[in-house]
Amino acid sequence: MNQIALVVILAGGLSGRPVDLSGWMSMALAGSGEIIQADAGLEQADAAYSIARSSLLPRLVFSASAGHSWSSMEVEPAGHVDTESDHYTAGLTLSQEILGSGGSSWLSLRSASLGREKSDLQRRAAVLSLERSVAAAYYGAVGAVELVAASEAALERSNALLDRMEMLYELGAARELELLEARMRESADRLALLRNEQALTQSITELRRTAGVSGDTTMTVDTSAVLSPLTREAILALPTDYSENPSLRAADLALEESTLDLRAARRSYWPSLVASASWSWSDDEFEPEDAHLNDTWNVGVSLTWSIFDGWLREGRIQSAGAGRLAAEAVAGSAEGDIEAAVRAAWDELLASSDNLALAGMTLEYATRRMELSQLSYELGDLAVTDLLDAQADLSEAEAKLVSARTACLVAEAGYWVLLGRSPRLGE
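An account of the overall build of the protein chain is requested, with residue identities and associated values reported.
Counting secondary structure elements, the protein chain contains nine helices and six strands. Summarising its shape, the C-alpha atoms of the protein chain cover approximately 145 × 45 × 40 Å along the three principal directions. Burial analysis of the protein chain (427 residues in total) assigns 38% to the buried set. Considering only intrachain contacts with a sequence separation of at least 6, the fraction spanning at least 24 residues in the protein chain is 82%. When the accessible surface of the protein chain is totalled, it reaches about 23900 Å², and 56% of it is carbon and sulfur. Seen as two clouds, the 33 positive and the 63 negative side-chain charges of the protein chain have centres 9 Å apart.

Encoded structure:
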């Protein structure tokens, strides 16, 4: 890890305090616009529930007024007469809905309750999606760091061989073609290092953007805290139950919610029944202590039944029916889509694990071949071209191992998210 850190500093890609995956996750969840939008949607769902519940609660209304009036009229034979008076009123009304449109208010309340649950699941889905994106960007940055280190090691081998070839060429023990081949290999490795350094800078920038800290260039990836990929045995033992996937559960709740909305819309053909009680007072003098002498009490039950409303009910029913059809289509395809995605993700994870094992064996083979090639070259039994080919194979094997490890970790994070769980952050 010290060599990797040194290479990164020289490359200019990392120059700050290292942060592990959990740290990047925390920063992303704290400043992500997607999470803010999900929180706003949850608040709107809570407000919709409060609105739906308010129609089922009693209402108490107080009203009062005070005024002064003037009048003038012609009265025979008295002539012109002017009059003026004061008037004061007060009232208190209590009303309670007993049955609103055949109970549509209760259906709307249940629908709003499901809407809150759905919004909470949608927020969970947004969090998981963000965690998957951050994990992919983080492992991409870690892989870029390791590729820079592998390129640096390859360049170091090429430089050592080039120095030796130049010395042998000056002594007349090497041909010009062999020197040219060594220089070409050194140039190719140097170019590969430059490309990997550029990729490192881009990956760190992408990680910072994904986590919502693109303006902060002081944080880097902590390569010492990277997880070990799962073994094939561990992958075979992974759970496959995707019933906790928040997107799938939200789709089911959306279908149930739309069904209740359609039932509530159809109830608009039914009458409404409201109970009320009121007290009122009116006098031409403001004497509150004598209010009981001029007050009125009223208790009653009222029935209202809309016969024709310009086809407003039909329009609402049609809209609710279309919404239910759409929700049914989404819910019907959601489970199949997620089941296929989980299966594909599991296959990808298993294949990436096998590819990682193969990359490890390839690297071991390339390392031993390089050692034998170096020994054979020193004994004069191997040409420079074959030694350069062995170096190139070793460099390629090192790069493939890094890519295979990164792909395995990214595939694992995606699989956990599809199951409705957060990716692993630590051992």
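Before we move on, could you go through the nonpolar core and cite the residues and values that matter?
Counting 32 residues, the largest nonpolar core has Leu-21, Trp-24, Val-134, Tyr-138, Tyr-139, Leu-207 and Val-221 as the members making the most contacts within it. Contributing elements (two or more residues each) for this core: α2 (21-31), α3 (33-54), α4 (104-170), α5 (176-210), β4 (219-221) and α9 (384-418). Here this core gets 14 residues from one element, more than from any other, and that element is α4. When neighbours within four sequence positions are excluded, Tyr-139 is seen to be in contact with Leu-21, Val-226, Leu-227, Thr-406, Leu-409, Val-410 and Arg-424.

Describe unusual backbone geometry, with residues and values.
With a phi close to 50°, Ser-101 is a non-glycine residue in the positive phi region. Its identity as a non-glycine residue notwithstanding, Trp-311 has a phi of 65°, on the positive side. Looking at Trp-311, the relative accessible area reads 59%, which means it is exposed.

Give a detailed account of the packing of α2 against α4, specifying residues and quantitative values.
Running from N to C, α2 and α4 cross one another at 135°; their axes reach a closest spacing of 10 Å. Between α2 and α4, the angle falls in the class oblique. The handedness of the crossing between α2 and α4 comes out as right-handed. Touching Leu-21, Trp-24, Met-25, Ala-28 and Leu-29 of α2 are Val-127, Leu-130, Glu-131, Val-134, Ala-135, Tyr-138 and Tyr-139, all from α4.

So what's going on with empty space enclosed by the protein? Residues and values would help.
All told, the structure shown has one cavity of 30 Å³ or more when counted by the stated rule. One number sums up the size of the largest cavity: a volume of about 40 Å³. Around the largest cavity sit Leu-21, Ala-135, Tyr-139, Leu-227, Leu-409, Glu-412, Ala-413, Trp-416, Pro-423 and Arg-424, which together line it. Counting residues per element, the lining of the largest cavity draws most heavily on α9, which supplies four residues. For the lining of the largest cavity, the class distribution of residues is eight nonpolar, no polar and two charged.

Would you mind going over the environment of Leu-194 in detail, with residue names and values included?
Tracing the backbone through its elements, the reader meets Leu-194 in helix α5. Distance in space between the C-alpha atoms of Leu-194 and Tyr-365 is 27 Å, their sequence separation being 171 residues.

So what about helix α7 (residues 246-266)? Which residues, and what values?
Along an α-helix, a turn takes 3.6 residues, which lines up residues three or four apart on a common side. In this model, α7 (21 residues) spans 30 Å end to end at C-alpha, consistent with the 30 Å of a helix rising 1.5 Å per residue. Buried residues of α7: Pro-246, Leu-248, Ala-250, Ala-251, Leu-253, Glu-257, Ser-258, Leu-260, Leu-262, Ala-264 and Ala-265, and no others. For α7, the elements touching its buried residues are α4 and α8 (312-378). Sitting at the amino-terminal end of α7 is Asn-245, which places a side-chain oxygen 3.0 Å from the backbone nitrogen of Ser-247.

Analysis parameters
Residues numbered from 1 in each chain as written. Predicted model: local features only at pLDDT ≥ 70, side-chain atom pairs only at ≥ 80, totals over all residues. Heavy atoms only, no water. Helix = DSSP H or I, 4+ residues; strand = E, 2+ residues; numbered from the N terminus. Buried < 20%, exposed > 50% of the residue type's maximum accessible area, 1.4 Å probe, protein only. Contact = heavy atoms within 4.5 Å. Areas by Shrake-Rupley, 256 points an atom, 1.4 Å probe, with all protein chains shown as cover. Lys, Arg positive; Asp, Glu negative; His and termini not counted. Charge placed at Lys NZ, Arg CZ, Asp CG, Glu CD. Core = buried A, V, L, I, M, F, W, Y, C linked by side-chain atoms within 4.5 Å. Axes fitted to C-alpha atoms, helices over the stretch in contact; angles between N-to-C directions. Parallel < 35°, antiparallel > 145°, perpendicular 65-115°, else oblique. Left-handed = near helix turned anticlockwise from the far one by under 90°. 1 Å grid on protein atoms, 1.4 Å probe; cavity = no way out; pocket = protein on both sides within 12 Å on 5 of 7 lines; lining within 4 Å. Points joined across faces, edges and corners; volume = space filled by probe spheres on them. Nonpolar A, V, L, I, M, F, W, Y, C, P; charged D, E, K, R; others polar. Expected span 1.5 Å × (residues − 1). Polar contact = N/O pair within 3.5 Å; in protein donor to acceptor, adjacent residues only side chain to side chain.

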